[in-house]
Each structure stands twice: as structure tokens, then as C-alpha cells.
There are 2 protein chains.
Amino acid sequence: MAIPEKRINKFVETLKNILKQKATNLRIHSITATSEAGSGHPTTCLSAADIVSALFFHAMRYDTNDAQNPNNDRFILSKGHAAPILYAAYAEAGIIATEKLCTLRQIDSILEGHPTPRFEWTEVATGSLGQGLSLGLGMALNGKFLDKSDYRVYVLLGDGETAEGGVWEAAALASHYQLNNLIGIVDVNALGQSQRTMYAFDIDTYCQRFEAFGWQTIGIDGHNFDEILPALDQAKASTDKPTMIVAKTFKGKGVSFLENADNWHGKALAKGEDLDKALAELGPLHLEPIQIEPPTAVESGVGHSAAAVCEPPDYPTDEDVATRGGYGTGLAKLGTANPNVVALDGDTKNSTYAEQFMNLHPERYFEMFIAEQNLVGAGIGLAKRGKIPFVSTFAAFLSRAYDQIRMSAISQANIKYAGSHCGVSIGEDGPSQMGLEDIAMFRAIPQAVVLYPSDAVSAERLVSEAAAHEGIVYLRTSRPKTPILYDTDEKFPIGGCKVIRKSNEDIATVVAGGVTVHEALKAHQILAAEGIAIRVIDLYSVKPVDAEALKAAAADTNTTLITVEDHYPEGGLGDAVLDAVATENICVHKLAVTGIPRSGKPEELLEHHGISANAIVEKVKSVTGV
Amino acid sequence: MAIPEKRINKFVETLKNILKQKATNLRIHSITATSEAGSGHPTTCLSAADIVSALFFHAMRYDTNDAQNPNNDRFILSKGHAAPILYAAYAEAGIIATEKLCTLRQIDSILEGHPTPRFEWTEVATGSLGQGLSLGLGMALNGKFLDKSDYRVYVLLGDGETAEGGVWEAAALASHYQLNNLIGIVDVNALGQSQRTMYAFDIDTYCQRFEAFGWQTIGIDGHNFDEILPALDQAKASTDKPTMIVAKTFKGKGVSFLENADNWHGKALAKGEDLDKALAELGPLHLEPIQIEPPTAVESGVGHSAAAVCEPPDYPTDEDVATRGGYGTGLAKLGTANPNVVALDGDTKNSTYAEQFMNLHPERYFEMFIAEQNLVGAGIGLAKRGKIPFVSTFAAFLSRAYDQIRMSAISQANIKYAGSHCGVSIGEDGPSQMGLEDIAMFRAIPQAVVLYPSDAVSAERLVSEAAAHEGIVYLRTSRPKTPILYDTDEKFPIGGCKVIRKSNEDIATVVAGGVTVHEALKAHQILAAEGIAIRVIDLYSVKPVDAEALKAAAADTNTTLITVEDHYPEGGLGDAVLDAVATENICVHKLAVTGIPRSGKPEELLEHHGISANAIVEKVKSVTGV
């Protein structure tokens, strides 16, 4: 029996009235909490209130008792400065106590100025604009291709942040992968931080751009539920395209003196007259519980499992192999041992050797093309959905995504970065292709682990160590083929190092990494021929660094350490050593790449930049005076 | 009297034949030079040969005797791996000797694997894909709005690199500023490094996207001069829009076994059979001189002049002022003193205070909206045209453009970066907004100067110092208002520091920067009350660092240095000090921000992260044992 239209209309009317009241509540919470905090961005919350109401209390399906439910629809607040309305929504959903909202921005509160995972319903940190769509893309890839879950990913963007290139990297990849489970909403309030946006209220321009990038687009009035609700239904119905809803709104909507007014960005209302007037205009708060639709209980695919045991390395000792080759082989083996491992690369897979993983596990490899910001953002999204992503490109090009890498730490993501072609040892391609600041970049990321193998065996082993470690790991690999140094059963624990040459007569200790380990070994040989003994350490774990081993070596060798690295002098291996012995009376002499390098043969460049065997020999002699 | 059509047609036919032969020459040079070098990217040169021929020998106007002529049309090879054809074009233009082409990629050659300004006709380094359009945008802004020169800027892009978000940041800004003097050509050869591009030969998709971003677009066959030449004419005729020519080409065009073949990316032809076969197919080289149209001799606007003298700082000593405020005031004064100074900001000008410059010199301020990659890229383009750009945003968001910053050093750009809101001292906005790795980022850039003022007077003075210094300078400013420390006539030379508390009884030296200088002064006061004397150094120049002053202070104070910084422990002020005394027997104790910070009040956070006056007092006592 069909339901008569009258009853349907009545139901829709009731729904709209509930959502309107919820939107009012969200506005009240947002301005009250920011006034209490004395700072924040209330007006950007007000423009999004009706959209957020429709999402959280109608469109989205989630288990209010379980933030971790793998089948929950995901929500990403790309315009992170609207954090107060995010917290307000969870309060209205009955997930956090309303009183808690007034702890906003306090040092002992989990409700931070911009969302972070310290609040468990925030999966990913936002606040650096233009990153949310990539994070959502990673989660959407997981839902559609890996977990085969029917959850949808909703991303709320500001209009100003669509100027960020990262948004368009994600837009191109989302349509390429036909992510119909990815739904974006642009809150076009036309006001940036310091002035009007480039396009003000020109909804058509936004729609044309996303359409040209292969999206279904729907332009609406973002304050009218008669347009918001059908748009969300149409988005959900998409079978092969991601959808972008472009909503015309007013910043400060609902409070006359804030509405579409400039110079209110990032300003809280003063308690007293201003706040009272605004609250009076918004009308009363009606706290009524609401039923949230739960997610469908589908089997969520593979769960999170630690890295399993891999096939051991296997190389003929007489063959030279590049560490990037060891990386590829190790990653492919890891993929066989651990179903949670996924790999992403930016059209460099035949150089980083991520292609070895792709060839064995095509269903868990995602080509991200030449777009490193989205490469990293998507990796973070996959990590937050329980996968262990290995994200690879040239070390130099990871600098393109440093902001996303920085944010991955704030998001507490379990993600692994692999940078190949580090240093001048790549040779003829020249400085633009040489990663020479990558160690400095990653050492500065809190809790990040930095690993730097010197041969294919250690490279393979360190891939497994990286996967077994919960958190951010950076793996630095080199282009040139180098000899195998270690037995295939050698272990390389994070935080360790290898003393590979040692005698009681050592007059100094040379600390090296990657290609310079081989230069140090040559130097050892040259000096030995002259009757001079030196100690050689392979510092494969640059962070954390084995301070005790370094101090012990220094104590044995006239408190003299010589570091040699294929990296700029600042922030690299040498500084890691310096920091480890900062409060000891140990002299550290650094050899590193100074100045901008140029094209040339690898061995010529090692010589030219003073990080060759000869340079080490010279340094040993000059500092020890032998 | 009208020229009869027959003669016009004859002329056009002759022109096309000349351009065809030139294209053949370019192909021959490209494969010969790469084969000689034994590496490189010949096939990507072959796809672009006809376009490059049309540009260099017909469309572009330049003075072949003067690379620096400010009215030359500019050419940017965004697909930098096609460097061999760039050098070949200059050889065919009679600018470099043809024999020189075979020095490609050699360590003593200026013809590097990817273009760098070591070859004077290369204004900007390329090779990190997706940056060329922003560089061109900066040059086009200069031509249209500053120099008022009629030069055009031509940017040759690869199709794969259009996946880079930076391309779309530049695309949006170029149409926003109606840069009809900016002409891009996408060489759509459909082959990336490791596989087919996302869109293969789908010219329409590329056109639709640039059109949606406000560009005139023209789709053509990139090997047919009957389409290339009219397209370039149409582009030149544009009055209010930038133009993107989207050219369908074949990678390896002209050599049967390379044409549109996969797995040839970045591979040189082996000398002997392969090379001979290719050369035979291309036919003979005809080296004939060609007349290049010279630029119109317009007055090129303001020339390059060093920074002039600014109005001195002027602050009431009893008023607290933020260093970012000092930056804004100093920049505005500098703009009055030096007509070459320009400012760019990414919709944060009311926070960085770049708006003070904008208010006084609106014609030399360019709003770049929320798109930091293009913000920096455009700055580099302006710098290479003789301007002194000050590029500002939050310190944290400069990480978004680290690849461009890295490349600005390889481009030898005279550019100034200003990052505000550094460290936990910003307070409630939380970690996403805190610049805590920015010193590490910039210290790792070769020859970059890193300045960190502690009060408004030093901030103003350091703005002038930055402008007077030729090269990259980073200026780090803070959000909180802090007391004025220095007389208004105090000088702050790059490479210096200020010993602001000193006595013969000092038991340790505290080295601080920015907000921690004020914490160190409080600590000095607290300890003085207990009869304990410490030395306090304001390390306003973090790079270069005043090593002698640090050693002298250490020698006076029990060889004990305590560094305190609002930055992560790695790569910051502490490591700069450590590096300066690495080979002395001096103990350096570092206080820095460890772990991911959170929202809270500035003073709470300084306390929480152990960089407050109390933390310094404690450290002094613990390391000296008093």
C-alpha cells in the first residue's frame, strides 16, 4: 500500500523543523563557546550551521556509541577553523556533554581551536586549509576498493580554500577513481580572512570547475533545507562520480550584525551586550534528543594487524644492488606477509621500485600520478582507516607535501614515507632532483622515525621495521648500486646502529649513512694501508639515534667523531650526532654537501662536495694530526 | 598597395619550411647530446620540437645578444627534463656554439640535466614539475603592472605535470589578474614516466579545465605548423585572458622506434646502431642562421636598486608591540624608500601585517589568496625580473611551498620570506597554526639567511637588512605583543647577535630568540634575586650565526650554553648553536618544544613545553648545580 503524499509532506515538514532547530542550537553553541574562550571563528560556523545540521542529523549514518566503527560515514571538516560547530554537532548528537563545549580552547580540553584526534571523533587533524579532500579521498579509496564498506565520506570545505592546489589534485584523482562515495560541500560565504574571496558568490564558477574535473556538481542555497536535502539525496544516488555541492551562504548567518559583514573573521563575540544581542536574535535553545541512523553492519574487510614476518633478504654477495631496489623487494614481500599494507606512488614507481609491490599486489597499489600533496593526504586517509600506507616518490619531491607531512603528525597517522634518489649521488640529473634537505624535514617532525639503509639487506629489513612501528617513519633510499654489506639474517632494530669497522687502535670514529658508508669503508682501507686505524659506524637509524653507541665510540677514539652525509649540513645525520653528544665533551667534525650542487657523475660529485673516501681520509688526518 | 595573397602564401610556406628544418635540427641535437651524455630525456624533447621551433624562431621576440634585456619575451621550460631541446634552441638561435651541446650533463658544463641559471638564458630553475606556470605568472605580473613592458611570458608544460595542484593555483590567479601576456603550451604526449597519463590524448578535458579556470584555450595538433602558428597568433591577440594552447603530440616523434612508445622515458639512445638509425630517419642537419625578432625598446620601468635608507623605528618604550607588527611597519617604510620592493601575501595580510605595505603601496602589493605554492612561485618570478619580493604568510604555511622554496635557491632568486605566528606562543589556535619546523626548513636551504627578531625595533631593522642582502632571507615573527628591548637607533647586522645581560659572575649563558628572549630576561631577574648571574644572548641572526660571540660567552661562563627556542628541537636555534661550537669542548643544553603541542594560553604553553622563564631557571640550576 502506497503512503499518501500528504503524510510524506507532513513527515518532511517535521524533519525540516527539527533540522532548523538543530541548526539554531549549533549556532548558539558556536558563539557561546567562542565567547567563553575569548577567541575563535564563530561567523564561519554560522554560515555552515544548516549544512552541518542536515549532515549530522539526517544524511550521515553513524554509531553514536562507537567512533571507531569502520562502517560509520566519515566527516572531515576541511575548514578546520569552524571547529566549534563540529563539537556542537557531537553534543547535539548526544556524544559529548553540552557543558563540555565551554572548555573550548582550554589547555586541558580535548576540544582544540582546530580539530585534532585528541577528540576521538576527529579522525584527522585539519586547520591547514585545502587538505580535507585528499584525506577524504584516501578514506573513500579504502571504503570502495579495500574494506568494501558502504560508508560515505563527507568533506566540508570553505570557499577560500579551493584556491589551494591540493584541492584540485584530489578532485582529479577522485573522478579518476570514480569515487561516488566521496561527497564534498563548499560553504561559499564569500569572505576570506582578510578580504572577499576571488569569486564572491559566483556559484557557477565553482560548479564549472569541479564539473570540468569530472565531478557531479549541485549548486544550492546553503540556508534552505528545501535545496540542501534533495542535493544530499542526489549526491548519495551517484553511481560513478564524486559529488560537490556548492552552497551559497552568509558568514555570520542568523545574527544581524554579523551577517555577511567583513572584519569579523576569527573574532569571538564579547560577553555581555554583543553576545546577549546575538543570542536574543537566534532564539531559544531546544535540547531534544534525535535518532541518528546507524551504519549498515557490513563485514569491514581486513582489520588492523601488525606487520607479519617477511621472507628474508636473499642476494648474491658479489652483486651490487641499490637500496631503492631493496626497498621495492622488501615492500613486495611485506605486502605478501601483511594484508593491511598498501602502497601509493606519484608516477615514479619504476624509480622508487614501488612497482615491485604493484606487480604482486595490484589491488593494494594506488597510482597517484604527479601530485605529491594528494599522494600524502590520501595516504593519511588510508592510515586512519587501519591500513599501513607506504608513500613513495623522490626524496626531493616529498618537500612538495611538507605541510601534509607536518599535519600527518598532528593527525597521529601510522604512515610510512619512502624517498628515493637522495643526495648528489644521483648524478647527472642535477640539483632539482636531489633530496638534500629531506632528513632535516623529517627529523623536525615530532616522534618521526628516520631510517637510512646502506645496502639492500638493511633496506629490506628496515621496510619491515617501519611497518612494525606504530607511527610516522621515513625511509631514505639511494639511486646508485652499492655492494651488499650485511648477512641476510642481520637485524636492524629502530634506534640502533652498526659498528662495522673496529680495533683497539682506532684514532677516530667515522659516522656515515647510505652511500657514504661505502666511502667510509674505502677510507678505512686507504688509511689501513698507511697503518692508520679508524672506527666506522653505519648510522642506519638517524632518529632515534643510538647515543650510547656514539658516546662509547667517541670514548674509545680520542673523543673524535667525523660525520659524513649526502645531505646539506643543517638538520641531517651530522646534526643528529651532534645533538646526541651535545652535553659531552666530544668534538664532532661534519662533512656534508655545502652549496647548490650541479650535474655530474656520482663519483665526481661525491669528490666535488667533499663527502668521498678521499675527503674522509683528509679529514681524519687533519683533525687527528697524524 | 596591398600585398597579393600569392606572395603572402609563398612567404608562409617558406616560413613553415624553415621552422620544420629547425625542428629537425632540434631533434637531432637533442638525441645526439643525450647519447653523448649517456643519460637524459630525448623522447620528451622530440614531442616538443615543433612547438619549440615555432616559439624560438617565429613567435618570440628577444635580443640574442642580451639575455638580461628586460623587454625580451620570457620562456620557461616547466617540463625541465626536456632541457636538451632548450639548449639546442639557443644553439640554433646562434647564442651558444653547437659543439657545446655535447657537454650536456658534464660537471664542468653550464648545460645541466635540468635547466639552472648557471646558463644565463635560463632565468629560473625547473625540474620539479608543476612550478613553471607560477614562475611565469610572477614575470607576467611584473610586465603588465610594474615594468609596463610589452614582453610576453611563454611557459611550456608537460601533460603529466598538470596533475600538480600548483598549476591550478597559478591558473586561477592568472585569470584573476587578467594576464593576457601569459601564454602556456601543454605538450600532451600522453606518456608519463611510469605509465600513461590520466587523460592520454584527451585534449578536450585539458581545454575544459583551463577554460573553467578563466583561460582562453586552443586545442591543436602539436606537430602541424598550420595549427601551431595560428594558435600562437590567437594567443598573442588576447586582450584580457591568459591563453593555454593544448597540443596533441607524440613522445619520440620523428623516430619510428621511439614514437609513442612506452618505457623510453629518461633513456638516451645507445651510440652506434640505435643512434645512427634515429639520425638516418631524421635526415640531415641544415645549420642556417635565422633572424630573430628583437624586443620593442620600451622603457623598462624601475631598474634594480639596492635597498635605500628607511625611516628609523619609532615606538614609545612603555608600549608592547608584536614583532609581526614591527615587520609590517618596517616593510611599509621600506616600500617608500625602495621602489623595487613588492609584497605578496596569501589572505593573511591582516595577521602578518603585510597590509601596512598594501595600504601605502597598493600598486606594488599582490594578493595571492590561499595558495602558498603559487605565492612563492610568483615571488620567484618577480625576483628574477629585478624586484625584491617580500612573501608572507603564517610560518606554518610556508611548509606548503617548501619545494618551491628549495627551487628558489637553485634559481638563485633574491627573495624574502616572512613567516608569522611561529611557535606555541600563538596560543589557542593550536598546533596546525604553529610554525615549529620553519627554522629547520630554512636553515637547510644553502646560503639562506635566517633572522628572528625579539622586538619591534629589531624586526623593523631586520626588514631593511633583508632587503639589502642579495639572496634568500627568512624572517620569523611572533604573534604576542612583547616589550621594546632596543633603542631605535640600534643596528642589527646579519650574522651578529646581542649580548643583552652580562657580568663577570655569569655562571652560564642563555641563548634565546624571539619570545624566549623575554623569558630569558625574566629568568635573569629571578636568578639575580637569588644572587645567581647569567649571561643572556639574543640570537637574532640564526643563520649565519655569530660563532665567535658564542664561543667567547661560553669561555666566560663555564663553557656552558643553554639554548631556549619556540621551535621543535631539531634543526632550530639550538642546533645552530651546537653546530657553531661543534669542535670546541662546549656543552650545549637545549630547551625546545618536544611533542605535538595543543591549544591553550600562550604563557600556559610556554610553561607546559618547558621554554618559560621558570624552565630556564630550573635548567640553569640543574646544569650548573648551584
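Cut-offs used in this document
Residues numbered from 1 in each chain as written. Chains lettered and ligands numbered in written order. Predicted model: local features only at pLDDT ≥ 70, side-chain atom pairs only at ≥ 80, totals over all residues. Heavy atoms only, no water. Axes fitted to C-alpha atoms, helices over the stretch in contact; angles between N-to-C directions. Helix = DSSP H or I, 4+ residues; strand = E, 2+ residues; numbered from the N terminus. Parallel < 35°, antiparallel > 145°, perpendicular 65-115°, else oblique. Contact = heavy atoms within 4.5 Å. Nonpolar A, V, L, I, M, F, W, Y, C, P; charged D, E, K, R; others polar. Salt bridge = Lys/Arg side-chain N within 4 Å of Asp/Glu carboxyl O. Buried < 20%, exposed > 50% of the residue type's maximum accessible area, 1.4 Å probe, protein only. Domains from an automatic or database assignment. Buried area = accessible area lost by both parts, 1.4 Å probe. Polar contact = N/O pair within 3.5 Å; in protein donor to acceptor, adjacent residues only side chain to side chain. Disulfide = S-S within 2.5 Å. Least-squares fit on C-alpha atoms with pLDDT ≥ 70 in both. Phe/Tyr/Trp six-rings, centres within 6.5 Å; stacked < 30°, edge-to-face > 60°. Lys NZ or Arg CZ within 6 Å of the ring centre and 35° of its normal. Pairing = 2+ DSSP bridges. pLDDT = per-residue confidence, 0-100.

## Things to note about the packing of helix H5 (residues 165–176) of chain A against helix H12 (residues 372–384) of chain A
Residue and element names in this part refer to chain A.
Turning to step 1, where the next piece is worked out: It is the contact of H5 with H12, at a shortest axis distance of 8 Å, that shows an interaxial angle of 70°. With respect to their mutual orientation, H5 and H12 come out roughly perpendicular. Residue-level inspection shows Gly-166, Glu-169, Ala-170 and Leu-173 of H5 in contact with H12, the latter providing Glu-372, Gln-373 and Asn-374.
Turning to step 2, where the next piece is worked out: Tallied by class, the residues present in the contact of H5 with H12 amount to two nonpolar, three polar and two charged.

## Comments concerning the pattern of salt bridges
Residue and element names in this part refer to chain A.
Turning to step 1, where the next piece is worked out: Summed over the entire model, instances satisfying the criterion amount to 62 salt bridges over all chains.
Turning to step 2, where the next piece is worked out: The residue Arg-61 makes a salt bridge to Asp-73 at a minimum N-O spacing of 3.1 Å. Of the two residues, Arg-61 sits in the loop between helix H2 (42–59) and strand E1 (74–77) while Asp-73 sits in the loop between H2 and E1, which places them twelve residues apart along the sequence. There is no split in this pair, since Arg-61 and Asp-73 are both buried.

## What about the domain arrangement of chain A?
Quite often, the size of an interface is put as the accessible area lost when its parts meet.
All names here are of chain A.
Turning to step 1, where the next piece is worked out: Here chain A is partitioned into domain 1 (19–282), domain 2 (321–482) and domain 3 (498–624).
Turning to step 2, where the next piece is worked out: Spacing between the C-alpha centres of domain 2 and domain 3 amounts to 25 Å.
Turning to step 3, where the next piece is worked out: Taken together, the contact pairs 34 residues of domain 2 with 32 residues of domain 3.
Turning to step 4, where the next piece is worked out: Summed over both partners, the interface of domain 2 with domain 3 buries about 2,400 Å², with 61% contributed by carbon and sulfur atoms.
Turning to step 5, where the next piece is worked out: Where domain 2 touches domain 3, the interface holds zero salt bridges.
Turning to step 6, where the next piece is worked out: The interface formed by domain 2 and domain 3 contains 18 residue pairs in polar contact (both at pLDDT 80 or more).
Turning to step 7, where the next piece is worked out: Looking at the side of domain 2 that touches domain 3, the elements with two or more residues in it are helix H14 (438–443) and strand E11 (449–451).
Turning to step 8, where the next piece is worked out: With five residues, the single largest contributor to the side of domain 2 that touches domain 3 is H14.
Turning to step 9, where the next piece is worked out: Considering only residue class, the side of domain 2 that touches domain 3 consists of 19 nonpolar, nine polar and six charged.

## Focus: the state of the cysteines
A covalent bond bridging the sulfur atoms of two cysteines is what the word disulfide describes.
Turning to step 1, where the next piece is worked out: Evaluated as defined, the whole model comprises zero disulfides over all chains.
Turning to step 2, where the next piece is worked out: With no disulfide partner, Cys-45 of chain A has as its closest neighbouring cysteine sulfur the one in Cys-102 of chain A, 13 Å distant.

## Some details on the side chain of His-421 of chain B
All names here are of chain B.
Turning to step 1, where the next piece is worked out: On the secondary structure map, His-421 appears in the loop between strand E10 (416–420) and helix H15 (438–443).
Turning to step 2, where the next piece is worked out: What makes His-421 buried here is its relative accessible area of 4%.
Turning to step 3, where the next piece is worked out: A polar side-chain atom of His-421 sits 2.8 Å from a polar atom in the side chain of Ser-420.
Turning to step 4, where the next piece is worked out: For His-421, the residues in contact, after removing those within four places along its chain, are Arg-324, Ser-351, Phe-394, Ile-426, Gln-433, Met-434, Gly-435, Thr-477 and Arg-479.

## Some points on the pairing of strand E7 (residues 341–345) of chain A
Turning to step 1, where the next piece is worked out: With five of its five residues buried, E7 of chain A lies for the most part within the structure.
Turning to step 2, where the next piece is worked out: Taking every second residue as pointing to the same face, both faces of E7 of chain A are buried, with Val-341, Ala-343 and Asp-345 of chain A on one and Val-342 and Leu-344 of chain A on the other.

## Re the relation of the copies chain A and chain B
Turning to step 1, where the next piece is worked out: Laying chain A over chain B is done by rotating through 180° and shifting 0.0 Å along the axis; what remains is an RMSD of 0.0 Å. Taken together, the rotation and translation relating the two chain copies correspond to the operation of a two-fold axis. Residues of chain A ranked by C-alpha distance from the rotation axis are headed by Gly-165 of chain A, positioned 1.8 Å from it.
Turning to step 2, where the next piece is worked out: A shared binding surface is used by both copies, with 100% of the interface residues of chain A retained as interface residues in chain B.

## Topic: the packing of aromatic side chains
Turning to step 1, where the next piece is worked out: All chains considered together, the criterion is met by 50 aromatic pairs over all chains.
Turning to step 2, where the next piece is worked out: Aromatic pair Phe-56 of chain A and Tyr-62 of chain A: ring centres 6.1 Å apart, planes at 75°, arrangement edge-to-face. An identical accessibility class is assigned to Phe-56 of chain A and Tyr-62 of chain A; each is buried.
Turning to step 3, where the next piece is worked out: Ring geometry for Trp-168 of chain A against Phe-213 of chain A: centres 5.0 Å apart, planes inclined by 55°, an arrangement best described as tilted. In this pair, Trp-168 of chain A sits in helix H5 while Phe-213 of chain A sits in the loop between helix H6 (203–212) and strand E4 (216–221), placing the two residues 45 residues apart along the sequence. For the residue pair Trp-168 of chain A and Phe-213 of chain A, the accessibility class agrees, reading buried in each case.
Turning to step 4, where the next piece is worked out: Members of the aromatic cluster, connected to one another through ring pairs, are Phe-56, Phe-57, Tyr-62, Phe-75, Tyr-87, Tyr-90, Phe-119 and Trp-121 of chain A.
Turning to step 5, where the next piece is worked out: Positioned above the aromatic ring of Phe-492 of chain B is the side chain of Lys-498 of chain B, whose terminal nitrogen or guanidinium carbon lies 4.8 Å from the ring centre.

## Description of the environment of Leu-77 of chain B
Turning to step 1, where the next piece is worked out: Relative to the helices and strands, Leu-77 of chain B resides in strand E1 (residues 74–77).
Turning to step 2, where the next piece is worked out: Every residue in contact with Leu-77 of chain B, bar those within four places of it in the chain, is listed here: Ala-82, Ala-83, Leu-86, Pro-115, Thr-126 and Leu-156 of chain B.

## Focus on the sheet that holds strand E9 (residues 388–394) of chain B
Residue and element names in this part refer to chain B.
Turning to step 1, where the next piece is worked out: Ordered by their spatial adjacency, seven strands build an open sheet running E8-E7-E9-E10-E12-E11-E17, and the pairing between neighbours is mixed. Two strands lie at the open edges of the sheet, namely strand E8 (365–367) and strand E17 (541–543), each paired on one side alone. For this sheet the average axis-to-axis angle between neighbouring strands, irrespective of direction, equals 20°.
Turning to step 2, where the next piece is worked out: Of the pairings in the sheet, the one linking E10 to strand E12 (residues 473–476) comprises four bridges and is parallel in character. Bridge pairing links Ala-418 to Leu-475 in E12.

## Description of the sheet that holds strand E15 (residues 509–512) of chain B
All names here are of chain B.
Turning to step 1, where the next piece is worked out: Sheet architecture is open: five strands sit in the order E14-E16-E15-E18-E19, paired in mixed fashion. In this open sheet, the two edge strands, each paired with only one partner strand, are strand E14 (498–501) and strand E19 (587–591). Geometrically, the sheet is characterised by an average inter-axis angle of 25° between neighbouring strands, direction not taken into account.
Turning to step 2, where the next piece is worked out: Relative to strand E16 (residues 535–538), E15 is paired through four bridges, and the arrangement is parallel. If you follow Ala-512 over to E16, its bridge partner there is Asp-538.

## Description of the interface of chain A and chain B
Turning to step 1, where the next piece is worked out: Taken together, the contacts link 100 residues of chain A with 100 residues of chain B.
Turning to step 2, where the next piece is worked out: A buried area of about 8,200 Å², summed over both sides, lies between chain A and chain B, and 53% of it is on carbon and sulfur atoms.
Turning to step 3, where the next piece is worked out: Three residues, Ile-107, Met-198 and Arg-400 of chain A, lead the burial of chain A against chain B; their summed loss comes to 10% of the area buried on that side.
Turning to step 4, where the next piece is worked out: Run the count over chain A and chain B and you get ten salt bridges.
Turning to step 5, where the next piece is worked out: A salt bridge links Asp-579 of chain A to Lys-590 of chain B, with the shortest nitrogen-to-oxygen separation between them at 2.7 Å.
Turning to step 6, where the next piece is worked out: Seen at the junction of chain A and chain B, the total is 46 residue pairs in polar contact (both at pLDDT 80 or more).

## What about the confidence of the model for chain A?
Residues shown with low pLDDT carry predicted positions that ought not to be read at fine detail.
Turning to step 1, where the next piece is worked out: Mean pLDDT for chain A: 96, with 98% of residues reaching 70 or above.
Turning to step 2, where the next piece is worked out: Across the predicted assembly, pTM comes out at 0.98 and ipTM at 0.97.

## Section: the environment of Glu-570 of chain A
Turning to step 1, where the next piece is worked out: Residue placement: Glu-570 of chain A occurs in the loop between strand E18 (560–564) and helix H18 (573–580).
Turning to step 2, where the next piece is worked out: Along the backbone, Glu-570 of chain A and Glu-437 of chain A are 133 residues apart, and their C-alpha atoms lie at a distance of 8.0 Å.
Turning to step 3, where the next piece is worked out: When neighbours within four sequence positions are excluded, Glu-570 of chain A is seen to be in contact with Ala-440 and Asp-575 of chain A together with Arg-443, Ala-444 and Lys-543 of chain B.

## Side note on unusual backbone geometry
Turning to step 1, where the next piece is worked out: A cis geometry characterises the amide bond from Lys-543 of chain A onward to Pro-544 of chain A, with omega recorded as -5°.
Turning to step 2, where the next piece is worked out: Counting through the fold element by element, Pro-544 of chain A comes out in the loop between strand E17 (541–543) and helix H17 (547–556).
Turning to step 3, where the next piece is worked out: One non-glycine residue, Thr-559 of chain A, lies in the positive phi region at around 45°.
Turning to step 4, where the next piece is worked out: Position of Thr-559 of chain A among the secondary structure elements: in the loop between H17 and E18.
Turning to step 5, where the next piece is worked out: Relative accessible area serves as the criterion here: at 33%, Thr-559 of chain A is assigned to the partly exposed category.
Turning to step 6, where the next piece is worked out: Residue Phe-369 of chain B is not a glycine yet carries a positive backbone phi of 55°.
Turning to step 7, where the next piece is worked out: Under the relative-accessibility criterion, Phe-369 of chain B is labelled buried at 6%.

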